[in-house]
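Below are the chains, spelled out letter by letter.
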Amino acid sequence: MSERAVEVFAGTDDLVAAAAARFVAVVTEAQAQRGSASVVITGGGTGIGLLEVVRKAPGDIDWSRLDVFWGDERFVPAGDPERNELQARQALLDHVPVDPARVHPVAASDGEYPDPVEAAAEYSAAVHAHLAEHGSFDLHLLGMGGEGHVNSLFPDTDAVREEHELVVAVTNSPKPPPVRVTLTLPAVRRARHVVLVVGGAAKSEAVAAVVSGASPVDIPAAGAEGTESTTLLLDEPAAADLPR
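Each chain has its residues counted from 1, running along the sequence as written. Whole-chain, interface and lining totals are the exception, using all residues; otherwise, since this is a predicted model, local features are given only for residues with pLDDT of at least 70 and side-chain atom pairs are given and counted only at 80 or more. Water and hydrogen atoms play no part in the side-chain values, which are based on all heavy atoms of the structure.

The protein chain appears in an unreviewed UniProt entry as 6-phosphogluconolactonase from Nocardia transvalensis. UniProt positions are given in the numbering used here, feature names are shortened, and annotations may be inferred rather than shown by experiment. According to the UniProt record, the Function (unreviewed entry) comment for the protein chain reads "Hydrolysis of 6-phosphogluconolactone to 6-phosphogluconate." Of the protein chain, the UniProt comment under Sequence similarities (unreviewed entry) reads exactly: "Belongs to the glucosamine/galactosamine-6-phosphate isomerase family. 6-phosphogluconolactonase subfamily."

Here you go:
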């Protein structure tokens, strides 16, 4: 796994702009080198905000040669505004010429797989098929919660302890809604580049724990590493507890 780099920005706008630029840079480089690219995107205000910036300044991305996955999904009906897929489509995917066959959402709770375990298995099949053909994801974007969770991997849970499966169902999330489908840390580690985008003073303690090498069981973000690069993009408040 790669060494962890830290970059700090003055405020939220600069942070989101930097994350969007990293998205564009990784995708265009991957397409230039290998013909196509793959990204795992994240929800939350910052995650969706960077997708909106990418939409306005997409650089040289060839959208027809991009595979899109989600790091996790709230297991709610397709039209629920809480759904990460819906938010990402509104922010970016409905506005660019992606190939629908290369967009890989998690099944909704009112869809073909109403059981979250079955939905996780179906999503796992799509993930495995992609990795069998391409070897890795090119970019896995992550937000982080104040307690250090990434995707729907919360501290001291079965999901964060998972060492083999790439996708699992979560049925007792401490953050609502309780039922989710998530990529695991083994899946995160199948990305060439992992970028954590973290803003806000409430997350500074967890950021410091990540940088100091905390156990992923205690601070799940500490287990998020890419094979080629791992980068924490932070605003000043999130970096407040880091040594200067």
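What follows continues from the structure just given.
A separate point is the pairing of strand 6 (residues 137–142). Partly exposed residues are those whose accessible area sits between 20% and 50% of the maximum for their type, while under 20% is buried and over 50% is exposed, using a 1.4 Å probe and protein chains only. The secondary structure listing takes helices from DSSP runs of H or I that are at least 4 residues long and strands from runs of E that are at least 2 residues long, numbered from the N terminus. Burial analysis of strand 6 places six of its six residues in the buried class, which makes it a mostly covered element. Where strand 2 (residues 37–41) meets strand 6, two bridges bridge the pair, whose relative direction is parallel. What sits directly across from Val 39, in strand 6, is Leu 139. One requirement defines pairing of two strands: DSSP has to find at least two bridges between them.

What follows deals with the UniProt feature "domain: Glucosamine/galactosamine-6-phosphate isomerase" (unreviewed entry) in the protein chain. UniProt tags residues 12–230 as "domain: Glucosamine/galactosamine-6-phosphate isomerase" (unreviewed entry). The span residues 12–230 shows a helical share of 37% and a strand share of 18%, and its end C-alpha atoms are spaced 20 Å apart.

So, on to the packing of aromatic side chains. Pairing of aromatic rings covers Phe, Tyr and the six-membered ring of Trp, with a centre-to-centre limit of 6.5 Å; geometry is then stacked below 30 degrees between planes, edge-to-face above 60, and tilted otherwise. Within the structure shown, the criterion is met by two aromatic pairs. Their ring planes at 55 degrees and their centres at 6.4 Å tell us that Phe 69 and Tyr 123 sit as a pair that is tilted. Taken together, the positions of Phe 69 in strand 3 (residues 66–70) and Tyr 123 in helix 4 (residues 116–134) put the pair 54 residues apart, joining distant regions of the chain. Of the residues examined, Tyr 123 reaches a relative accessible area of 1% and is grouped as buried. Between Phe 69 and Phe 137 the ring centres are 5.2 Å apart and the planes differ by 65 degrees, which places this aromatic pair in the edge-to-face class. Of this pair, Phe 69 sits in strand 3 while Phe 137 is found in strand 6, placing the two residues 68 residues apart along the sequence. Summarising the burial analysis for this pair, Phe 69 and Phe 137 share the class buried. Within the aromatic cluster, the residues linked to one another by ring pairs are Phe 69, Tyr 123 and Phe 137.

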